[in-house]
Amino acid sequence: AALIVIYGAQDQVRPADVIIVLGAGEMGTQRRTQHAVQLYQAGFAPYVLCSGGYRGPDGRREAEVCADLAQAAGVPISAIMLEPDSRTTEQNARYAAEILRRRGWESAVVVSDSFHLLRARWLFTREGVTVWTSPATRFGQAGNAPETLYFLLREIGALGYQGIKIALGR
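Remember, predicted model here, so these are calculated numbers, not experimental data. (Residues numbered from 1 in each chain as written. Predicted model: local features only at pLDDT ≥ 70, side-chain atom pairs only at ≥ 80, totals over all residues. Heavy atoms only, no water.)

Novice: Any details on the overall build of the chain? Residues and values, ideally.
Specialist: In terms of regular secondary structure, the chain is built from 6 helices and 5 strands. In the chain, the succession of helices and strands from N to C terminus is α-β-α-β-α-β-α-β-α-β-α. Here the C-alpha atoms of the chain give a radius of gyration of 15 Å, agreeing with the 15 Å that 2.2 N^0.38 yields for 170 residues. Along the first, second and third principal axes, the C-alpha atoms of the chain reach 40 × 35 × 30 Å. Per-residue burial over the chain gives 47% buried out of 170 residues. (Helix = DSSP H or I, 4+ residues; strand = E, 2+ residues; numbered from the N terminus. Rg over C-alpha atoms; globule rule 2.2 N^0.38 Å. Buried < 20%, exposed > 50% of the residue type's maximum accessible area, 1.4 Å probe, protein only.)

Take a look at the structure:
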């Protein structure tokens, strides 16, 4: 838990080939996209890759919501790419890495919430992506104490599950 909190508190943003926004439902995707747009406007990368396949109440996927929000905030459509099929962080990493390889890119700034960044970095690194992470929110910022505890415990479980899958060769 301490490692997740400590890692997530650090903003490692630096220039990269692309900024990747990991989907997180409607509200989380909005928050993460807003942060990615700020990084784009600051010149950290020339492209934003919106990732996420879950559909919201309006039928749009997280990647589509991200793209619409980024474009509305001033990111040109030519600088926005979609990865609309992933439904897990592992798939986010795999599918985004395929897009990066096709374009000849090697590095990315991954935007998510602080509790999620340690595992996201691990999975993107396993896919061969040089990754720096940037938290859209920090612990306790996005919600109340019970919600923060829920996400921390959820992430501890997800890290353990991922470790077991890797140890078993899956």
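After presenting the structure, the write-up continues.
Novice: A description of the side chain of H116 should follow, citing residues and the corresponding values.
Specialist: Along the chain, H116 falls in the loop between β4 (107–112) and α5 (117–126). Within the structure, H116 has its side chain in polar contact with the side chain of S112 (distance 2.6 Å). Each residue touching H116, except ones within four places of it in the same chain, is listed here: L22, R32, T89 and E155. (Polar contact = N/O pair within 3.5 Å; in protein donor to acceptor, adjacent residues only side chain to side chain. Contact = heavy atoms within 4.5 Å.)

Novice: Residues and numbers for the state of the cysteines, please.
Specialist: All chains considered together, the criterion is met by 1 disulfide. Shown here is the disulfide that connects C50 with C66, its sulfur atoms set 2.3 Å apart. Looking along the S-S bond of the C50-C66 disulfide, the torsion reads about -60°, which is the left-handed sense. Of the two residues, C50 sits in strand β2 (residues 48–51) while C66 sits in helix α3 (residues 62–72), which places them 16 residues apart along the sequence. Each member of the pair, C50 together with C66, is buried. (Disulfide = S-S within 2.5 Å.)

Novice: Any details on the environment of W122? Residues and values, ideally.
Specialist: Here W122 lies in helix α5. Through-space distance from the C-alpha of W122 to that of L168 is 17 Å; in sequence the pair is 46 residues apart.

Novice: Can you tell me about the packing of helix α4 (residues 89–103) against α5, naming the residues and giving the values?
Specialist: In contact at an axis separation of 9 Å, α4 and α5 are set at 40° when each is read in the N-to-C sense. Of the possible angle classes, the one that applies to α4 and α5 is oblique. In the packing of α4 onto α5, the handedness of the crossing is right-handed. Two secondary-structure elements touch here, α4 through T89, E90, N92, A93 and A96 and α5 through R119, A120, L123 and F124. Residues of the contact of α4 with α5, tallied by class, amount to 5 nonpolar, 2 polar and 2 charged. (Axes fitted to C-alpha atoms, helices over the stretch in contact; angles between N-to-C directions. Parallel < 35°, antiparallel > 145°, perpendicular 65-115°, else oblique. Left-handed = near helix turned anticlockwise from the far one by under 90°. Nonpolar A, V, L, I, M, F, W, Y, C, P; charged D, E, K, R; others polar.)

Novice: Could you give me a rundown of the side chain of T33, with the residues and numbers involved?
Specialist: Considering the arrangement of structural elements, one finds T33 in helix α2 (residues 25–41). T33 gets classed as buried once you look at its relative accessible area, which sits at 2%.

Novice: Help me get a handle on the sheet that holds strand β5 (residues 130–135), residues and values and all.
Specialist: The strand order β3-β2-β1-β4-β5 describes an open sheet built from 5 strands, whose pairing is parallel. Bordering the open sheet on either side are β3 (80–83) and β5, each of which pairs with just one other strand. Shown here is a sheet whose adjacent strand axes are inclined to one another by a mean of 25°, direction ignored. Strands β1 (18–22), β2, β4 and β5 of the sheet are contacted by α2, whose axis makes an angle of about 170° with β1. (Pairing = 2+ DSSP bridges.)

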